[in-house]
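Listed below, chain by chain, are the residues.
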Amino acid sequence: MRDKLEALGNQTLIDIEAAMDAAAIEQIRLRVFGKKGALSEVLKGLGQVSALERPQIGAFANTWKERLEEGLASRGQICEERDLDKRLAAEAVDVTAPARRLHPGSLHILTQTTRRIAAILGRLGFESASGPEIETEYFNFEAVNIPADHPARQMHDTFFIKPGHVLRTHTSSVQMRVLREKKPPIRIFAAGAVYRCEADATHSPLFHQIEGLFVDKGVRMSDLKGVLGELLSELFGTVKFRMRPSYFPFVEPGAEVDIECFKCRGVGHCQLCRSSGWIEVLGCGMVHPFLLTSAGVTDVTGFALGLGVERMAMLLHEVNDIRHMFQGDMRFLQLFRFRGY
Ligand code: DAH
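Residues numbered from 1 in each chain as written. Predicted model: local features only at pLDDT ≥ 70, side-chain atom pairs only at ≥ 80, totals over all residues. Heavy atoms only, no water.

### Description of the pattern of salt bridges
- Summed over the entire model, instances satisfying the criterion amount to 17 salt bridges.
- In this structure, Lys44 and Glu41 form a salt bridge, with 3.1 Å as the shortest nitrogen-oxygen distance.
- In this structure, Glu260 and Arg265 form a salt bridge, with 3.8 Å as the shortest nitrogen-oxygen distance.
- The exposure class assigned to Glu260 is buried, which follows from its relative accessible area of 14%.
- Classification of Arg265 as partly exposed rests on a relative accessible area of 45%.
- Here the residues in one salt-bridge network are Arg242, Arg244, Glu256, Asp258 and Glu280, joined through shared partners. (Salt bridge = Lys/Arg side-chain N within 4 Å of Asp/Glu carboxyl O. Buried < 20%, exposed > 50% of the residue type's maximum accessible area, 1.4 Å probe, protein only.)

### A few points about the state of the cysteines
- For the structure shown, the criterion picks out zero disulfides.
- A disulfide-free cysteine, Cys264 has its sulfur positioned 3.6 Å from the sulfur of Cys273, the nearest such atom.
- Classification of Cys264 as buried rests on a relative accessible area of 11%.
- The thiol of Cys284 is not disulfide-bonded; the next cysteine sulfur, from Cys261, is found 20 Å away.
- Here Cys284 falls in the buried class, since its relative accessible area comes to 2%. (Disulfide = S-S within 2.5 Å.)

### Observations regarding the sheet that holds strand E2 (residues 134-136)
- On the basis of which strands lie adjacent, the open sheet formed by three strands has the order E2-E4-E3 and antiparallel pairing. Of all strands in the sheet, those bounded by a partner on one side alone are E2 and strand E3 (160-162). On average, each strand axis in the sheet is inclined to that of its neighbour by 40°, with strand direction left out of account.
- Of the strand pairs in this sheet, E2 and strand E4 (residues 165-167) are connected by three bridges, and their pairing is antiparallel. (Pairing = 2+ DSSP bridges. Helix = DSSP H or I, 4+ residues; strand = E, 2+ residues; numbered from the N terminus. Axes fitted to C-alpha atoms, helices over the stretch in contact; angles between N-to-C directions.)

### Notes on the side chain of Asn140
- One can find Asn140 in helix H6 (residues 137-140).
- One polar contact links Asn140 to Thr169, side chain to side chain, over a distance of 2.9 Å.
- Setting aside anything within four residues of it in sequence, one finds Asn140 in contact with Glu135, Val166, Arg168, Thr169, His170 and Ser173. (Polar contact = N/O pair within 3.5 Å; in protein donor to acceptor, adjacent residues only side chain to side chain. Contact = heavy atoms within 4.5 Å.)

### Side note on the site of the ligand
- Taken together, 15 residues sit near the ligand, with His170, Ser172, Arg196, Gln209 and Glu211 positioned nearest.
- Interatomic distance of 3.0 Å between a side-chain N/O atom of His170 and a nitrogen atom of the ligand.
- At 3.3 Å from an oxygen atom of the ligand is found a main-chain nitrogen or oxygen belonging to Ala304.
- Here the ligand loses 90% of its free accessible area of 360 Å² to cover by the protein chains.
- Here the ligand occupies the largest pocket.
- Elements with a contribution of two residues or more to the shell around the ligand: strand E6 (206-216), strand E9 (278-287) and strand E10 (301-308).
- By residue class, the composition of the shell around the ligand is six nonpolar, seven polar and two charged. (Near = heavy atom within 4 Å. Areas by Shrake-Rupley, 256 points an atom, 1.4 Å probe, with all protein chains shown as cover. 1 Å grid on protein atoms, 1.4 Å probe; cavity = no way out; pocket = protein on both sides within 12 Å on 5 of 7 lines; lining within 4 Å. Sits in = over half its atoms within 2 Å of the grid points. Nonpolar A, V, L, I, M, F, W, Y, C, P; charged D, E, K, R; others polar.)

### Points about the environment of Gly9
- Tracing the backbone shows Gly9 in helix H1 (residues 2-18).
- When its relative accessible area of 1% is taken as the criterion, Gly9 is described as buried.
- Taking the C-alpha atoms as reference points, Gly9 and Leu39, 30 residues apart in sequence, are found 8.9 Å from one another.
- If sequence neighbours within four positions are ignored, Gly9 has contacts with Trp64 and Leu68.

### Remarks on the sheet that holds E6
- In spatial order, the strands read E1-E5-E6-E10-E9-E8-E7; together these seven strands make up an open sheet with mixed pairing. Looking along the sheet, the strands with just one partner apiece sit at the ends: strand E1 (127-129) and strand E7 (241-246). Within the sheet, the average angular offset between the axes of one strand and its neighbour, ignoring direction, is 25°.
- Relative to E6, strand E5 (residues 186-195) runs antiparallel, the two sharing 10 bridges. Bridging from a neighbouring strand, Ala193 pairs with His208 of E6.

### A short note on the packing of aromatic side chains
- Summed over all chains, the structure comprises six aromatic pairs.
- Between Tyr138 and Phe139, the ring centres sit 5.0 Å apart and the planes meet at 70°, which makes this aromatic pair edge-to-face.
- Accessibility expressed as a relative area gives 30% for Tyr138, which makes it partly exposed.
- Three or more aromatic residues link up through ring pairs in this structure, and these residues are Phe126, Phe214 and Phe303.
- Looking at Arg2, its charged tip hangs above the ring of Phe60, at a distance of 4.8 Å from the centre.
- One residue, Arg67, lies across the ring of Trp64, its end atom 4.5 Å from the ring centre. (Phe/Tyr/Trp six-rings, centres within 6.5 Å; stacked < 30°, edge-to-face > 60°. Lys NZ or Arg CZ within 6 Å of the ring centre and 35° of its normal.)

Treat this as a map of the structure, not an account of what it does.
Spelled out as structure tokens, the structure:
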């Protein structure tokens, strides 16, 4: 029995010294001291030992036990330190390594343009208003003086959704919603997506407009002209603009607004203005009495204006194809990465 204990003890000491990490130490501990471990196996033989010898053998076994436990503890500590060193080496951060390049997102050029225009109108006292993109035929057409048989309906290549509903073809659809909801003075702008069934380099089936509406006592065409002057000079710098008589069913009189070509200043061969010297930028006019009367608003006048966000963005940044706006090409989008808004 002594021999067995000694053999086990010596072998275990050798194993302990050879252990390289805490897991190996733990394995040895289980193998020797575990419930069915090697030591218990040897000590099972204690029953056969004579009563005389038993205390000595017991003491001998205890001495070995203590030696092995000490060995496990001291080698265990070394192993733990080794483990820690290894982990630290593996997890080390090289603070001198070059940083990974970040690719921060940025606002889309259309969002930037919308916010820029909204900020200008906001400074002029206009508040944000909105309406649904799936709109009733009533608000999109009838309410803004385009009855079913009106030729102006053909100017809008409408997407029909279900009976009585269309994808709104312009943000003018918000006008009557607001006129019905609010009491003058009304000074709102409505920005959002609009839809028309057309597609080429200057037309997209989905595009964006911003509508302005100002209704109050004594609003005159000169107020409209003043707002246009502010809006256009903030966007394009100090430019000349002209109001050219035009027809929109919801305004009377109606006008289209041209700015003097900021590229050629109205002279010479120029692609941007097709050498005309003028660039059309928006539609506007005095709110048609039909709208005010049908909304039950009396004793007031007003003006409205509507502009295309894509068109503005394209002019401001000299983009020549509207499809760039929607293709998600990073090379295009990154051109506008560092701008504000
Ligand atoms: N709704 C017109 C369009 O989509 C734009 C427009 C023109 C809006 C004149 C207006 C306006 O408010 O007065 O072509």
